[in-house]
Amino acid sequence: MEDGVDHLAFERNKAQFDVEDMKIIWAGSRQDFELSDRISRLVASDPAFRKDDRTTLDRKELFKNTLRKAAYAWKRINELRLNEQEAYKLRSFVDQPAFTDLHWGMFVPAIQGQGTDEQQQKWLPLAYRMQIIGCYAQTELGHGSNVQGLETTATFDPKTDEFVIHSPTLTSSKWWPGGLGKISTHAVAYARLIIGGEDHGVHGFIVQLRSLDDHLPLPGITIGDIGMKFGNAAYNTMDNGVLRFDHVRIPRNQMLMRVSQVTREGKYVSSNVPRQLVYGTMVNVRQKIVADASVALSRAVCIATRYSAVRRQFGSHNGGLETQVIDYKTQQARLFPLLASAYAFRFVGGWLKWLYMDVTERLQANDFSTLPEAHACTAGLKSLTTTATADGIEECRKLCGGHGYLCSSGLPELFAVYVPACTYEGDNVVLLLQVARHLMKTVSQLGSGNKPVGTTAYMARVEQLMQYHSDVEKAEDWLKPNVVLEAFEARASRMSVACAQNLSKFANPEEGFQELAADLVDAAVAHCQLIVVSKFIEKLQQDIPGKGVKKQLEVLCSIYALFLLHKHLGDFLSTGCINPKQGSLASEQLRNLYSQVRPNAIALVDAFNYTDHYLGSILGRYDGNVYPKLYEEAWKDPLNDSVVPDGFKEYIQPMLKQQLRNARL
Ligand SMILES: CCCCCCC/C=C/C(=O)SCCNC(=O)CCNC(=O)[C@H](O)C(C)(C)COP(=O)(O)OP(=O)(O)OC[C@H]1O[C@@H](n2cnc3c(N)ncnc32)[C@H](O)[C@@H]1OP(=O)(O)O
Ligand SMILES: Cc1cc2nc3c(=O)[nH]c(=O)nc-3n(C[C@H](O)[C@H](O)[C@H](O)COP(=O)(O)OP(=O)(O)OC[C@H]3O[C@@H](n4cnc5c(N)ncnc54)[C@H](O)[C@@H]3O)c2cc1C
C-alpha cells in the first residue's frame, strides 16, 4: 500500500477462506511460494528493473534497455548465486521478453534433448556460462507449421568432413527466431540433411553465426531483425530475426546426433528412437507455455477484479455510493469464469509438467510408449489455454471500460505480448489437428484389444458413453463431480466417434480429414476441455489444507465446467448428452456459484501474490488507489512535457490564422 490506505480492505475482510493457504496452493508448495515471493520482491525493489517507462521508448531505446536489463539480471544471478529455478524466476519477474528466453528456453533444451553426451559436454558449459548465446532457428519465410517443408539444406561433404549449410531460395531464409536478429552468437538451425544427393529430412545443427570477438556475422551469414511487431513495447523488446546461409561450413560433429548420426564415411545411421524426438524441444516448450498461460490470465484477471471492485457506476440513491461494477451480474458472468479458468490452467499446467517429466524419464530408458500421448496433450493444451488466455486478457480489458485501453492499465501490453502465443510453438489450429489425428487413431483401434490409455482412457467405455443421458434433475445435481465428468466424457467421445464415422465415408482418408477439419478441431477442443475439467476434479481429491480453501476451489471448478457447458451448449444438446432443461439448470447453478464467489473475489486474486511491479497496472494496484494515481500518471506522458506541443506552430497555428483571416473577409 503505497499511500498507506487499503481501499480494498473492506473487500478483503469479506473473504471466507484463508488467503495465505490459498497462496501455497496457487504456488504449488510452500517452498515454491517462498521462492516466488522472495524473487518477485527482489526484482520489484530494484530500480534497475523499473518498467513503467517502457511504452514511451522508441524501438532502439527499448531494445538497448532490454539488453541492459538482461545483463544486469545475469549479474545479479551470479552475485546472489541463484540456482536454475531462482534464476528462471528472476527472469520471469523482470517481465520483458528477451533473447535470454530463447537461449535458456530453447537453445539449451535443444542441445540437452537432441545432443549426444559428447556434444552436451562441449556446448552446455559454454551456454550455461553465457559465453555463447543461442537461439532456435527453425521457421523460414516460406514455412513455419510444415516443418517437413523446410528448405534450408545441410549437405555432407565427405572430403572435408563438414556440412555445408545453405539457403537455396528466398523462402528458405530463417524468419522469426527470437534472439537471432541482433544478439545470438549461435543457433540450433534446422535443415534438410543431404548425403550423396539423398534427402534424409529435417535435422538440427549447431551453427556459429557471429564472431565472438567483434560480434560481426561470420562469412556466408546474412542476418538482421525482421522489423516492428504488433503492440508498442510488447514483443518489440525481442530481436526476432532473418538469417540466410551462403554455403556456410560447419564440422560434422555439429549435427545434433542423439536421434540419428552421420558417420565419417557419410553413412546415415538411425538410433533406435522415434524420429519425432527431433521435435522434442517443441514438446518441452509447449508444456511450459501451458503453465505460463495461468500466469498471464491471472494477471489480467487480478487487474480486472480489483478494478471492478473499485469502479462504481449507477445505482446511487439519496446521494449514497454508486454500485461497484463487480456487483453487476453481467460483469460477474464475464469475469468469474476467467478467474476459474486461471485456477484450472494452473492445475492442468502442474499435471502436464508431471506428464512431461514422466515421458522424459521413460525416453531415457528407451520407453517411447507415452510419446504420442505427451505430444497430443502438450499440443492440445497449449492450443486450448493460449486461445482462452489471449481472449481472456482482451475480455479483461473490456471489463475495465475506457481505462482498460490506457497503457497504464497494463492490459494492452499484456495482450500484445501474449497473443503471439496462439501462433508460436505451433499455430493453435494446426496443433488441434494433431490432437484430432490422435483421437481418430484411438477410435479406430477401439475393439482391437489395444486399450486406450492416459487421457483417452475414457474411450474404453465408448459403448456406455454413447448410451449416456444425463440424469440431472435439479440445479444442485450439477455440483456433483461425476455428473459433470460423465457429461464431458460423453460429449467428447460422441464428437470423436461422429468424426470417425464421417471419415469412414471417404475413400481417401486424407481427403476426408481435410474436408472434415473444422469438425475434427471441435472434437479436439471437447477432448482438451475434458482433460482440464478432469484434472481440476482430480486436484480436489487431494488433501487441501487451509480454512475454506477447498470450498473455494470446488466453487471455481464447478464454474469452470459449467461455464464451458453453457458456452458449448450446442455440442451437449446436439450430441444428446443433456436436454434443454438440464442446460437451463446448469445456467441457474452458474448464477448461484457467481454469488458465492463474489465476496471472495478479491482474496482469490490476492492469492496470486503478484507485486504491483509485476502487475504493472494502475487499475490493478493492491491498494485500489486508482483515481489519484491515474491522474498523476497522465502528466508523466512525454506529450505533457510542454504545454504547447511540438508541431503546433508549424502546422496548426497557420491553419488557425488562415481560418481567422477567412472569417474576417
Ligand atoms: C520458454 C521459452 C520461451 C517461449 C518463446 C517462444 C518462441 C517461439 C518459438 C517457436 O515458435 S519455435 C518453432 C515452433 N514451430 C512449430 O511449432 C511448428 C509446428 N509444426 C509442427 O510441430 C509439426 O510440423 C506438425 C504440425 C506436428 C506436423 O509435423 P509432421 O508433418 O512431421 O508430422 P505428421 O506427419 O503430422 O505426423 C507424423 C507423426 O509424428 C507425430 N508427431 C508430430 N509432432 C510430434 C512431436 N512434437 N512429438 C512427438 N510426435 C510428434 C505425429 O503425431 C505423427 O504420429 P503418427 O500418427 O505417425 O503416429
Ligand atoms: C512472436 C513470435 C516468435 C517466434 N519465435 C520463433 C523462434 O524463436 N524460432 C522459430 O523457429 N520460430 C519462431 N516463430 C515462428 C512460429 O513458430 C511460426 O510462426 C508458427 O509455427 C506458425 O507457423 P506459420 O507462421 O508458418 O503459420 P502458417 O502455417 O502459415 O499459418 C497461417 C494460417 O494457415 C493455417 N494453417 C496452416 N496449416 C494448416 C493446416 N494443415 N490445416 C489447416 N490450417 C492450416 C493456420 O491455422 C493459420 O491460420 C515465432 C513466431 C512468432 C509470432
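Only a predicted model underlies this, so the values are computations on that prediction, with no experimental measurement involved.

1. Thoughts on the overall build of the protein chain
- Helix and strand counts for the protein chain stand at 23 helices and 11 strands.
- Against the compact-globule benchmark of 26 Å for 665 residues, the protein chain has a radius of gyration of 27 Å, which places it among compact chains.
- With respect to the three principal axes, the spread of C-alpha positions in the protein chain is 90 × 80 × 65 Å.
- Classification of the 665 residues of the protein chain by burial places 44% in the buried group.
- Here the contacts in the protein chain between residues at least 6 apart in sequence split such that 74% fall between residues at least 24 apart.

2. A word on the UniProt feature "active site" (unreviewed entry) in the protein chain
- Under the local residue numbering, the UniProt record ascribes the feature "active site" (unreviewed entry) to Glu425.
- Relative to the elements of secondary structure, Glu425 occurs in the loop between α11 (411–418) and α12 (428–444).
- Classification of Glu425 by C-beta neighbours within 10 Å gives buried; the count is 24.
- Apart from the residues within four sequence positions on either side, Glu425 is in contact with Met282, Val285, Arg286, Ile289 and Lys382.

3. Structural notes on the sheet that holds strand β8 (residues 241–245)
- Read from one edge to the other, the open sheet built from three strands follows the order β4-β8-β7, with strand pairing classed as antiparallel. Of all the strands in the sheet, just β4 (174–175) and β7 (221–225) have a single pairing partner and so form its edges.

4. Considerations on the site of ligand 1
- As a structural note, the neighbourhood of ligand 1 is formed by 27 residues, with Gly105, Val147, Gln276, Tyr279 and Gly426 the closest of them.
- Going through the elements one at a time, α6 (99–114), α8 (280–310), α10 (371–399) and α12 are the ones with two or more residues in the shell around ligand 1.
- Top element by residues in the shell around ligand 1 is α8. It accounts for four residues.
- Here the shell around ligand 1 is composed, by residue class, of 11 nonpolar, 12 polar and four charged.

5. Overview of the pairing of strand β2 (residues 153–157)
- The alternating pattern of β2 places Ala154 and Phe156 on a buried face and Thr153, Thr155 and Asp157 on a face that is not buried.
- With five bridges joining them, β2 and strand β3 (residues 162–166) adopt antiparallel strand pairing. By the bridge assignment, Ala154 is partnered in β3 with Ile165.
- Between β2 and β3, which pair antiparallel in sequence order, lie four residues; one of them, Asp161, sits at a positive phi of approximately 60°.
- With three bridges connecting them, β2 and strand β5 (residues 186–195) associate as parallel partners. Residue pairing for β5: Ala154 is matched across the bridge by Leu193.

6. Observations regarding the site of ligand 2
- Gln138, Thr139, Gly144, Ser145 and Trp176 are the nearest of the 22 residues found near ligand 2.
- Within the residue set of the shell around ligand 2, elements represented by two or more residues are β1 (134–137) and α12.
- Among the elements that line the shell around ligand 2, the one with the most residues is α12, at three residues.
- In terms of residue class, the shell around ligand 2 is built from 12 nonpolar, nine polar and one charged.

7. Considerations on α11
- Within α11, seven of the eight residues are buried, which leaves it mostly tucked inside the rest of the structure.
- Residues Leu411, Pro412, Glu413, Leu414, Phe415, Val417 and Tyr418 constitute the buried set of α11.
- In this structure, the buried residues of α11 make contact with α8 and α10.

8. Focus: unusual backbone geometry
- If you check the backbone angles, His247 has positive phi at about 50° while not being a glycine.
- Mapping His247 onto the fold places it in the loop between β8 and β9 (248–251).
- The class of His247 is exposed, set by 12 C-beta atoms lying within 10 Å.
- A positive phi angle is found at Asn318, which is not glycine, with a value near 50°.
- Looking at the secondary structure, you find Asn318 in the loop between α8 and α9 (329–364).
- For Asn318, a count of 4 C-beta atoms within 10 Å gives the class exposed.

9. Overview of the environment of Gly426
- Considering the arrangement of structural elements, one finds Gly426 in the loop between α11 and α12.
- For Gly426, the contacting residues outside a window of four places in its chain are Met282, Arg286, Ala379, Lys382 and Leu431.

10. Observations concerning the packing of α10 against helix α16 (residues 517–540)
- Orientation of α10 relative to α16, taken along the N-to-C sense of each, is 90°, at an axis distance of 10 Å. Our classification of the angle between α10 and α16 gives roughly perpendicular. The segment α10 lies against α16, with Cys377, Gly380, Leu381 and Leu384 engaging Ala524, Val525, His527, Cys528, Gln529, Ile531 and Val532.
- Split by residue class, the contact of α10 with α16 holds eight nonpolar, three polar and no charged.

11. Examining the packing of α9 against helix α17 (residues 549–567)
- At a minimum axis distance of 8 Å, the contact between α9 and α17 shows a crossing angle of 110°. For the element pair α9 / α17, the angle class is roughly perpendicular. Along its contact with α9, which presents Phe336, Pro337, Leu339, Ala340, Ser341, Tyr343 and Ala344, the element α17 presents Leu553, Leu556, Ile559, Tyr560 and Phe563.
- Its residues assigned to classes, the contact of α9 with α17 comprises 11 nonpolar, one polar and no charged.

12. Here's the deal with helix α23 (residues 648–664)
- Between the first and last C-alpha of α23 there are 22 Å, a value that for 17 residues agrees with the 24 Å anticipated at 1.5 Å per step.
- Taken across its 17 residues, α23 has zero buried, putting it largely on the surface.

13. Observations concerning the environment of Asn579
- Structurally, Asn579 is set in the loop between α18 (569–574) and α19 (580–597).
- Looking at Asn579, the number of C-beta atoms within 10 Å reads 14, which means it is partly exposed.
- For the pair Asn579 and Leu569, spaced 10 residues apart in the sequence, the C-alpha separation amounts to 9.7 Å.

14. Brief notes about the confidence of the model for the protein chain
- Per-residue pLDDT for the protein chain has a mean of 96; in total, 99% of the residues score no lower than 70.
- Interface confidence for the predicted complex, given as ipTM, is 0.99, next to a pTM of 0.97.

15. Section: the environment of Pro372
- Tracing the backbone through its elements, the reader meets Pro372 in helix α10.
- Considering only alpha carbons, one finds Pro372 and Val301, 71 residues apart in sequence, at a separation of 34 Å.

Thresholds applied
- Residues numbered from 1 in each chain as written.
- Chains lettered and ligands numbered in written order.
- Predicted model: local features only at pLDDT ≥ 70, side-chain atom pairs only at ≥ 80, totals over all residues.
- Helix = DSSP H or I, 4+ residues; strand = E, 2+ residues; numbered from the N terminus.
- Rg over C-alpha atoms; globule rule 2.2 N^0.38 Å.
- Buried ≥ 20, exposed ≤ 12 C-beta atoms within 10 Å, placed from the backbone.
- Contact = placed C-beta atoms within 7 Å.
- UniProt positions renumbered as here; feature names shortened; annotations may be inferred.
- Pairing = 2+ DSSP bridges.
- Near = placed C-beta within 6 Å.
- Nonpolar A, V, L, I, M, F, W, Y, C, P; charged D, E, K, R; others polar.
- Axes fitted to C-alpha atoms, helices over the stretch in contact; angles between N-to-C directions.
- Parallel < 35°, antiparallel > 145°, perpendicular 65-115°, else oblique.
- Expected span 1.5 Å × (residues − 1).
- pLDDT = per-residue confidence, 0-100.

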